[in-house]
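Now for the letters of each chain:
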Amino acid sequence: MNSTSTPTHCPYCALQCGMNLSPTPDGGVEVLERADFPVNRGALCGKGRTAPAVLSSRVRLTSPLVREGGALVPATWDEALDRIAGALGRIRAEHGADALGVFGGGGLTNEKAYTLGKFARVALGTSQIDYNGRFCMSSAAAAGTKAFGLDRGLPFPLEDIPRSGCVILVGSNLAETMPPSLRFLTELKENGGTLIVVDPRRTKTAEQADLHLAPRPGTDLALALGLLHLVVAEGRTDEAYIAERTTGWEDARAAAMAHWPEYVERITGVSVPQLREAVRMFCEPETAMVLTARGPEQQSKGTDTVGAWINLCLATGRAGRPYSGYGCLTGQGNGQGGREHGQKADQLPGYRKLDDPAARRHVAEVWGVDPDSLPGPGRSAYELLDALGTDIRALLLMGSNPVVSAPRAAHIEERITSLDFLAVCDVVLSETAELADVVLPVTQWAEETGTTTNLEGRVLLRRQAITPPEGIRSDLEVMHELAARLGVEKGFPTDPEEVFEELRRASAGGPADYSGITYRRLAEENGVFWPCPAPPSVDTRSVDPQSVDPQSPDRVIVADSGDASPAVTPDGPAREAGVREAEVRGAHPGSPHPGTPRLFLDRFATPDGRARFVPVAHRAAAEEPDDEYPVLLTTGRVVAQYQSGAQTRRVDELNAAAPGPFVELHPRLAARLGAAEGDPVAVVSRRGRAVAPARITRAIRPDTVFMPFHWPGEGRANTLTNPALDPTSRMPEFKACAVRLEAVPPA
Ligand code: SF4
């Protein structure tokens, strides 16, 4: 780092790689290596390296736009803000507050996500807010909460991966989504551990595996049940752990025993010997973990699917033990923090439930409002988008591009166009912004300060490195101005640190407790893991080990076996969150809580401290192949593009590497279709048709085709995807739907 460079983090995925930004003579920044951040140790993928290009992109929005005579034309900020506030106020007066929708994003900083939730519920008074993270990790969050009482994507740092004996990676292609994280898998193998990858495609990640299981899309639930069946049948359960640390085993066991390996082989296509080998590899080492990503999660049974993998971890005594357990590899840059601070339809800040009276009282007090004035839970993301133009007449959208990223995208595009009013805050004219009545140009990562929480639950400080271009304002300024125009003069600060201070108070005592975290600590400590309550309960008296304060049973004081100083132990929410005493042994009396890298080591965050097995059974995808639609479609990512591509498609180097969509298919399917490499292929589902060039490979199952979803237009993969929702998480079924292929005659 040179003396003028600014340490910060990448704007894209949930790894939140550390980088230094150095000013360039033309007023921009260049990315320099930052080796002190333990997650990436200086390594970056192409997206991170080229991120400054979006700051200075020639298609960057530099002025508000308003729709006049059918076209978007430049306007002043006052004109644009007045128009938004006027429309929102008018529609609220005519149709009620719930006619106003708010849609956020998993890339928004914690401060923005927090303020957006507050803006919806306090300034607009609407219950209709959700965000695109619902399409990302909601099934894992729901399953984790059911089983452990708390969802934090990874309950342990990434650095624990190489110290495990076996890792099962389910539906994650880290080589394309988070390339710097591959080193953890490399180190795992160097240390003698083994890697099992579950993916219908032989991806670059699967190529690294000791064992690759390639189930049919949508059958990961059956696969996990088959593995658990074998664990039981082969006597590999950890009975002592099950008895001491879990509840509900008998029902889960009975459900798994109904899934005979041969039955599972028929459902999944994974052979019984492969199932047995996976069980052997997973059970023989002392430590092992399962990590899931979008593959098993983006299904209409995603919650049960993740639950089945958690059951496998619990039955084998893995969860809540060092270098073992279950974790979710969250995808978006602030996918973790984005789901904790209140932009989700059913949540208040601190990961509190919106329908919990105590939570409402606490947050209302911080916000200075009557708890009864807070609306109740609203619609989930897809349901909200589906209600546009009917129940919801106006939408404020921030940090999302649903025209490309939502399932059944043509229908959602049509819903958006039927709105009475749409306002979009973005940095470029995304496909959704193109449909807006007003577009506001906002600051980007390097032009503003804020915090994110990466996939490990590590809260990080992104620092401003350059001044934004003239004419640009921050999302916080936008919400401040709109709230004022709607008659709410106070409560929407524009300074991110001021917002964070309020967020700390709002989160205090909640499951995701940030109250002990400050900007200063984040800068000095290179991130802090939540929960991190403040101030810690400290007792400087000499006490007996394991003694409990009878006046305050949550306030447990133990002597530190390895330190002369009495140790601080987690109190209240941290203890409920399963924080292990050892995690805070470094804390000295009076010192701040050190944060919680590892959860659940002593207890889970359930009322009785035990993890809960959830009995689950196989069920088919919402749409199975038939005579009309005989092939399965699954969707995913490529390394050079990010999400809907709104930013990365504007970067020349990334576009050169990944210029457009494609249809990956097996040679057998291609031959049946008469398609050669590069020929246009039409993929047709019950929701529409997409056309993209054929990419023929033996790395995919012959019954399945794959499309990346980063592009709009003719090759938009989400035109095809199925919005069938998981009953618990409301996650749409992005990962499996029935399609047919058609040859496209040459133009
Ligand atoms: Fe790291 Fe993800 Fe950014 Fe790539 S996109 S540099 S993996 S944070």
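For clarity, every value in this text was computed on a predicted model and none was experimentally measured. (Residues numbered from 1 in each chain as written. Predicted model: local features only at pLDDT ≥ 70, side-chain atom pairs only at ≥ 80, totals over all residues.)

Caption draft 1: Focus on the pairing of strand S2 (residues 18–23). Relative to S2, strand S1 (residues 6–9) is paired through four bridges, and the arrangement is antiparallel. In the sheet register, Thr-6 faces S2, and the bridge partner there is Leu-21. Bridge count for S2 against strand S3 (residues 29–32) is four bridges, and the pairing is antiparallel. Among the inter-strand pairings, Pro-23 is bridged to a residue of S3, identified as Val-29. (Pairing = 2+ DSSP bridges. Helix = DSSP H or I, 4+ residues; strand = E, 2+ residues; numbered from the N terminus.)

Caption draft 2: Main features of the environment of Ala-699. Looking at the element boundaries, Ala-699 is found in the loop between strand S28 (688–696) and strand S29 (704–708). Take Ala-699: there are 18 C-beta atoms within 10 Å of it, and that puts it in the partly exposed class. For Ala-699 and Pro-200, which are 499 residues apart along the polypeptide, the C-alpha to C-alpha distance reads 8.6 Å. Look past the residues within four positions of Ala-699 in its chain and what remains in contact with it is Arg-201 and Arg-202. (Buried ≥ 20, exposed ≤ 12 C-beta atoms within 10 Å, placed from the backbone. Contact = placed C-beta atoms within 7 Å.)

Caption draft 3: Geometry of the domain arrangement of the protein chain. Domain parsing of the protein chain yields domain 1 (6–55), domain 2 (65–136 + 335–445 + 472–507), domain 3 (138–328), domain 4 (536–589) and domain 5 (631–743). Using only C-alpha atoms to locate each centre, domain 1 and domain 2 end up separated by 28 Å. Tallying the contact residues gives four residues for domain 1 and five residues for domain 2. Here the side of domain 1 that touches domain 2 is built from residues that sort into four nonpolar, no polar and no charged. (Domains from an automatic or database assignment. Nonpolar A, V, L, I, M, F, W, Y, C, P; charged D, E, K, R; others polar.)

Caption draft 4: Representation of the sheet that holds strand S7 (residues 129–131) in the model. Strand order in the open sheet formed by seven strands is S5-S4-S18-S17-S16-S6-S7, with mixed pairing between adjacent strands. Two strands bound the open sheet, and with one partner strand each, they are strand S5 (71–74) and S7. Between one strand and the next, the sheet's axes are offset by a mean angle of 20°, whatever the strand orientation. Pairing geometry for strand S17 (residues 421–426) and strand S18 (residues 438–441), over four bridges, is parallel. When the sheet's bridge partners are listed, Cys-425 is paired in S18 with Leu-440. (Axes fitted to C-alpha atoms, helices over the stretch in contact; angles between N-to-C directions.)

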